[in-house]
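Close look at the chain arrangement
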Amino acid sequence: MNVKATPLPDDLAPDALARACAEAMWKVDTASQALGIEILQIKPGEATLAMTIQPHMVNGHGIAHGGFIFTLADSAFAFACNSHNERAVAAQGQISFIRPGKLGDRLIATAREISRTGRSGIYDVRVSVDDSTIAELRGHCRTVGGTWIPSADIGAPSR
């Protein structure tokens, strides 16, 4: 049997699907919303998020608490690994803090897919202030079944 694949319409291209997945996920991500995290860019396997260090995010040393930096990096990781319309969760994450963030800093977390095979993925996240890297996270994810966008909404046949 010779079956010819039908290309997806432009509005269902991988970039559009990644953005639609991010929109669906954002609606229920109250943790990221409550911290003032913003989505700057989403592409398949990539996400760029931002967060400004507020007074309640500063620790006893007068610098950004590492937990908040990790949370921003983890959120970027989550949006990147969920951009393929497969629900995925973190299985492991390790962060290295390179330099401190300060009150008022606008942190940018850029996540990119390193590997995606079967149910597993590996992602690297760079957290920076201006062009200076302050932290690097490596995250491993696993898909858990389910999608963000129902197949009928992306042009796949419904059953």
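Preceding block: the structure.
Residues numbered from 1 in each chain as written. Predicted model: local features only at pLDDT ≥ 70, side-chain atom pairs only at ≥ 80, totals over all residues. Heavy atoms only, no water.

**Observations concerning the overall build of the protein**
- The secondary structure content of the protein amounts to three helices and six strands.
- In sequence order, the secondary structure elements of the protein are arranged as α-α-β-β-α-β-β-β-β.
- When each of the 159 residues of the protein is scored for burial, the buried share is 36%.
- Accessible area for the protein stands at about 9000 Å²; split by element, carbon and sulfur atoms hold 52% of it. (Helix = DSSP H or I, 4+ residues; strand = E, 2+ residues; numbered from the N terminus. Buried < 20%, exposed > 50% of the residue type's maximum accessible area, 1.4 Å probe, protein only. Areas by Shrake-Rupley, 256 points an atom, 1.4 Å probe, with all protein chains shown as cover.)

**As for the environment of Arg-19**
- By the element assignment, Arg-19 lies in helix α1 (residues 14–28).
- When its relative accessible area of 43% is taken as the criterion, Arg-19 is described as partly exposed.
- Measuring from C-alpha to C-alpha, the distance between Arg-19 and Pro-44 comes to 8.5 Å, with 25 residues separating the pair along the chain.

**Here we look at unusual backbone geometry**
- Of note in this structure, Asn-85 is not a glycine but carries a positive phi near 65 degrees.
- Among the secondary structure elements, Asn-85 is positioned in the loop between α3 (66–81) and β3 (88–97).
- On the accessibility criterion, Asn-85 (6% relative accessible area) is buried.
- Its identity as a non-glycine residue notwithstanding, Asp-130 has a phi of 55 degrees, on the positive side.
- The topology assignment puts Asp-130 in the loop between β5 (120–129) and β6 (132–143).

**Here's the deal with α1**
- Between the first and last C-alpha of α1 there are 22 Å, a value that for 15 residues agrees with the 21 Å anticipated at 1.5 Å per step.
- Of the positions making up α1, those classed as buried are Ala-16, Leu-17, Ala-18, Cys-21, Ala-22 and Met-25.
- Against β1 (38–43) and α3 lie the buried residues of α1. (Expected span 1.5 Å × (residues − 1). Contact = heavy atoms within 4.5 Å.)

**Re the pattern of salt bridges**
- Counted under the stated rule, the structure contains three salt bridges.
- Across the pair Glu-38 and Arg-106 runs a salt bridge, and its minimum N-O distance is 2.7 Å. Here Glu-38 is found in strand β1, whereas its partner Arg-106 is found in strand β4 (residues 106–117), with 68 residues between them in sequence.
- Classification of Glu-38 as partly exposed rests on a relative accessible area of 34%.
- Its relative accessible area of 35% is what places Arg-106 among the partly exposed residues. (Salt bridge = Lys/Arg side-chain N within 4 Å of Asp/Glu carboxyl O.)

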